[in-house]
Structure formats: C-alpha cells, structure tokens
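In case you want the letters, here they are:
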Amino acid sequence: MSATIPAAAQVTGDALIIQESLADPERFAGLFDRYADEIHRYVSRRLGPESVSAADDVTAETFLAAFRKRARYDRSRPDARPWLYGMAANLIAKHHRGEVRRLRALARLAEPDGDSFEQRSVERVSARDLRPRLAAGLAALSRKERELFLLVAWADLTYEQASEALGIPMGTVRSRLSRTRAKIRRVLGEES
C-alpha cells in the first residue's frame with residue numbers, strides 16, 4: 001500500500017529524495033548522507049559506549065528498513081527525520097534488556113567517600129553526582145516512557161515529531177512526558 005499524494009501537492013525535501021529513489025534507488029543515499037551521523041549518535045547514546053558495534057548495526061538496520069519501506073512513506077511530510085527516529089526506536093527496543101541492565105549498573109555506582117563536607121556538597125549538585133540517580137530513574141521507566149523521553153531530550157525532537165516517530169497522538173505525548181518528568185524529578189529528589 002503506497003502513500004498517495006494529491007496531484008497538486010508539491011513534494012519537497014526528504015520526501016522528494018524518497019520519491020525519486022523509487023525510480024532510482026541510488027538517490028536514497030542522499031537521505032543516508034543527511035541523517036546517518038545524527039541517527040548513529042542517538043543510537044550510540046541509547047546503547048552506550050560499550051556498544052559501538054551494536055550502534056553501527058542498528059543505524060544500518062534503520063536505513064535498510066527505511067529503504068525497504070520507502071514506497072509507503074507519507075510524501076506529504078517533507079522531513080523524514082521523525083520517520084527514521086521511529087524506526088531506530090523500534091530497533092533499539094530489541095536491545096532494551098541490555099539498556100536496562102546498563103542503567104541499573106550505573107545506578108549502583110557508589111557515591112565517593114572521604115571527601116570534606118564542602119566538597120560533597122558541591123558534588124551533590126553536579127551532573128556527575130546525579131548520574132547514578134538519573135540512570136536509576138531511566139531504568140525504572142517503562143520502555144515507552146523512556147523512548148519518548150529520550151527522543152525529546154537526546155534527539156531534540158519536537159512533541160509533534162516524537163508523536164510522528166512513535167505513531168502516538170499528540171495528547172499521549174504530552175501526558176506521557178508530563179508523567180515521566182514527574183517520575184524523574186521524584187528520583188532526583190526534586191519534589192514539586
């Protein structure tokens with residue numbers, strides 16, 4: 001089933017590349033050139049530095065899936081970024097168990113002992129000191145909550161783009177992010 005576009009509609013941006021790649025598959029390389037590094041950075045952050053090979057694989061799988069599904073792309077959307085992030089998110093979900101184990105291990109890191117009270121006070125407000133608690137908070141989130149939160153926080157997707165990437169309504173994005181942020185604040189001790 002192919003996405004239809006009204007005859008009068010102007011196909012632009014990424015949608016044009018995808019449309020042209022249907023007749024000339026080599027054109028799809030333009031989409032890869034434009035977004036591969038960005039998708040790889042996001043996947044690398046999600047899977048962790050010890051998973052460089054897995055990040056390479058997931059990035060390649062993302063673009064392979066996109067290439068295979070390009071005929072179904074909604075060409076009324078000139079920006080393919082959310083579509084690609086949605087595919088990457090689905091592939092990352094396959095690595096979910098490893099991600100949760102990594103976050104839980106990071107959460108178990110002990111706080112430094114033996115420092116002066118003043119030094120400990122300064123470190124408590126530093127980002128480094130918050131990492132174990134933040135990791136625990138992320139590990140405690142459901143896969144859907146974590147995916148949405150990180151698409152907005154790490155990939156800088158707008159609410160609309162995250163809605164498109166995950167195939168969920170805008171209202172769900174807003175309510176899920178609100179609940180997720182409240183959970184993260186509680187874990188970080190920022191009750192409000």
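What you are looking at is a predicted structure, and each value in this text was computed from that prediction instead of being measured.

Draft legend 1. Local environment of the overall build of the protein. What the protein contains, in helices and strands, is ten helices and zero strands. Expressed as a percentage of the 192 residues in the protein, the buried residues total 37%. A fraction of 66% describes how many contacts in the protein between residues 6 or more apart in sequence connect residues 24 or more apart. Surface summary for the protein: the accessible area is close to 11,100 Å², and the carbon and sulfur share equals 53%.

Draft legend 2. Local environment of helix H9 (residues 159–166). Taken residue by residue, H9 has Gln161, Ala162, Ser163 and Ala165 as its buried positions. At its buried positions, H9 is contacted by helix H4 (81–94), helix H8 (143–153) and helix H10 (170–187). The positive-phi residue at the C-terminal boundary of H9 is Gly167, with phi of around 65 degrees.

Draft legend 3. Broad picture of the side chain of Arg75. With respect to the helices and strands, Arg75 occurs in the loop between helix H3 (52–69) and H4. As a buried residue without a salt bridge, Arg75 has its nearest oppositely charged side chain in Asp74, at a separation of 7.7 Å. Here the side chain of Arg75 touches Gln19 through a polar contact of 3.5 Å, side chain to side chain.

Draft legend 4. Broad picture of unusual backbone geometry. Here the phi dihedral of Asp156 falls at roughly 60 degrees; this positive angle occurs in a residue that is not glycine. Its location among the elements puts Asp156 in the loop between H8 and H9.

Draft legend 5. Expanded view of the confidence of the model for the protein. Predicted confidence across the protein gives a mean pLDDT of 82, with 76% of residues reaching 70 or more. At the low end of the mean pLDDT range in the protein sits helix H6 (residues 117–124), at 50; at the high end sits helix H1 (residues 13–23), at 95.

Draft legend 6. Representation of the environment of Arg181. Considering the arrangement of structural elements, one finds Arg181 in helix H10. Considering only alpha carbons, one finds Arg181 and Phe149, 32 residues apart in sequence, at a separation of 8.1 Å.

Draft legend 7. The packing of H3 against H4, seen in detail. Orientation of H3 relative to H4, taken along the N-to-C sense of each, is 125 degrees, at an axis distance of 9 Å. Relative to H4, H3 is oriented oblique. The hand of the H3/H4 crossing is right-handed. The residues of H4 that touch H3, namely those facing Val58, Glu61, Thr62, Phe63, Ala65, Ala66 and Lys69, are Trp83, Leu84, Met87, Ala88, Leu91 and Ile92. Its residues assigned to classes, the contact of H3 with H4 shows ten nonpolar, one polar and two charged.

Draft legend 8. The packing of aromatic side chains, seen in detail. Under the definition given, this model contains four aromatic pairs. Relative to Phe67, the ring of Phe28 lies with its centre 5.4 Å away and its plane at 80 degrees, an arrangement referred to as edge-to-face. Of the two residues, Phe28 sits in the loop between H1 and helix H2 (29–47) while Phe67 sits in helix H3, which places them 39 residues apart along the sequence. Seen from the ring of Phe67, Arg70 lies directly overhead, with NZ or CZ sitting 3.8 Å from the centre.

Conventions and cut-offs
- Residues numbered from 1 in each chain as written.
- Predicted model: local features only at pLDDT ≥ 70, side-chain atom pairs only at ≥ 80, totals over all residues.
- Heavy atoms only, no water.
- Helix = DSSP H or I, 4+ residues; strand = E, 2+ residues; numbered from the N terminus.
- Buried < 20%, exposed > 50% of the residue type's maximum accessible area, 1.4 Å probe, protein only.
- Contact = heavy atoms within 4.5 Å.
- Areas by Shrake-Rupley, 256 points an atom, 1.4 Å probe, with all protein chains shown as cover.
- Lys, Arg positive; Asp, Glu negative; His and termini not counted.
- Salt bridge = Lys/Arg side-chain N within 4 Å of Asp/Glu carboxyl O.
- Polar contact = N/O pair within 3.5 Å; in protein donor to acceptor, adjacent residues only side chain to side chain.
- pLDDT = per-residue confidence, 0-100.
- Axes fitted to C-alpha atoms, helices over the stretch in contact; angles between N-to-C directions.
- Parallel < 35°, antiparallel > 145°, perpendicular 65-115°, else oblique.
- Left-handed = near helix turned anticlockwise from the far one by under 90°.
- Nonpolar A, V, L, I, M, F, W, Y, C, P; charged D, E, K, R; others polar.
- Phe/Tyr/Trp six-rings, centres within 6.5 Å; stacked < 30°, edge-to-face > 60°.
- Lys NZ or Arg CZ within 6 Å of the ring centre and 35° of its normal.

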